[in-house]
Amino acid sequence: MRTKHVNVLIALAAFVLFSFSCFCISRMTQTIEKKMNTLVSFALGISTVSRGNQSYLKQTLNSVVSRMTLSEEKDSVVIVSVADRNEDYLKSVVDMITKRFKRQLKSGSLEVISIPAFFYPNMLHIKQSTEDSGKLESWRIKQVLDFCFLMLYAQPKAMYYLQLEDDIIAKKRYFTKITDFVHNITSNNWFYIEFSILGFIAVNFAPNSLLPQRNEVTYFVPWIRTTEGKLFKSEDLTDFVRFFLMFYKDKPIDLLLGDIFQVKMCNPGETPEKCAERNKQIRIRYKPSLFQHVGIQSSFSGREQYSKDIYY
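Calculation criteria
- Residues numbered from 1 in each chain as written.
- Predicted model: local features only at pLDDT ≥ 70, side-chain atom pairs only at ≥ 80, totals over all residues.
- Heavy atoms only, no water.
- Disulfide = S-S within 2.5 Å.
- Buried < 20%, exposed > 50% of the residue type's maximum accessible area, 1.4 Å probe, protein only.
- Salt bridge = Lys/Arg side-chain N within 4 Å of Asp/Glu carboxyl O.
- Helix = DSSP H or I, 4+ residues; strand = E, 2+ residues; numbered from the N terminus.

1. Some thoughts on the state of the cysteines
Here the structure, examined in full by the defined rule, presents one disulfide. Each sulfur of the disulfide joining Cys266 and Cys275 lies 1.6 Å from the other. For the pair Cys266 and Cys275, one class covers both residues: buried.

As structure tokens, this is what we get:
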């Protein structure tokens, strides 16, 4: 039954992607002149949702786009996926990007898509709850589906796919460093490359009501996770998405990344030590980190987070 459900979700996603090859927000504004890119080297995916009165997306895009050279810009596409039902937020993103990044939109090096509400199956079949636990479960499940849609959309556009968050900044020459590092890897047998450690560590996190001052009270909760700064080969994204859709209700996305590694890369009967050694070889970490988390207001409503990448 689980496999059948996954096939239905993939079919739905495929229908959306082919029917709306670019579910363009140009339906809301006639000022965006979009040009679909031919295959480039890198697609950078940024999923964004409303954070109430706070937004870090403009700062993130300024950092990501301005720290590319013109030649690097031509060999990449930044995809902003608005994964929010709030039409006002969608319009605010459109207006901001249209005004601030007109040249990138016109050249096709920046795209904006909107995920249709019907992509989410009956709001994920999660009972709407006023309790934090129910809201958290719904938030985590939606996050997995947000990434799946973005990955499927980006896959045919580039050789590599870099997952970013909407509340980060990039180091100077980050794109040059990524390109050089990837081109200098002697083996193509890597699973993914981490250009930031965030996403596999727990976050100091606390409700606003418990934080009268920044450092007075924090709670260590290992369920706030991301895939920030992870680089994948586009040819592998279909396998990732299939796996995510099979277990999207069970675990957050970074734990699913660990699980798919175990399934695909660890041989039956192999000792944990051998599997761990292979893990080091094909899950590559780049240091120092090229991305830093700057957001405080979480995408999970009513929460704040102060996580920082210590290797940045």
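2. Overview of the pattern of salt bridges
In the structure shown here, the tally under the stated rule is eleven salt bridges. Between Arg51 and Asp166 there is a salt bridge, and its shortest N-O distance comes to 2.4 Å. Here Arg51 is found in the loop between strand E1 (40-48) and helix H2 (57-66), whereas its partner Asp166 is found in the loop between strand E4 (158-164) and strand E5 (168-170), with 115 residues between them in sequence. In terms of burial, Arg51 and Asp166 fall into one category: buried. We note a salt bridge from Lys91 to Asp95, for which the minimum N-O separation is 3.0 Å. Remark: Asp95 and Lys91 occur in helix H4 (residues 87-100); sequence separation between them is four residues, near one turn of the helix. Under the relative-accessibility criterion, Asp95 is labelled partly exposed at 29%. Among the charged side chains, a salt-bridge network with shared partners connects Arg51, Asp166 and Asp167.

Shape descriptors only; they carry no functional weight alone.
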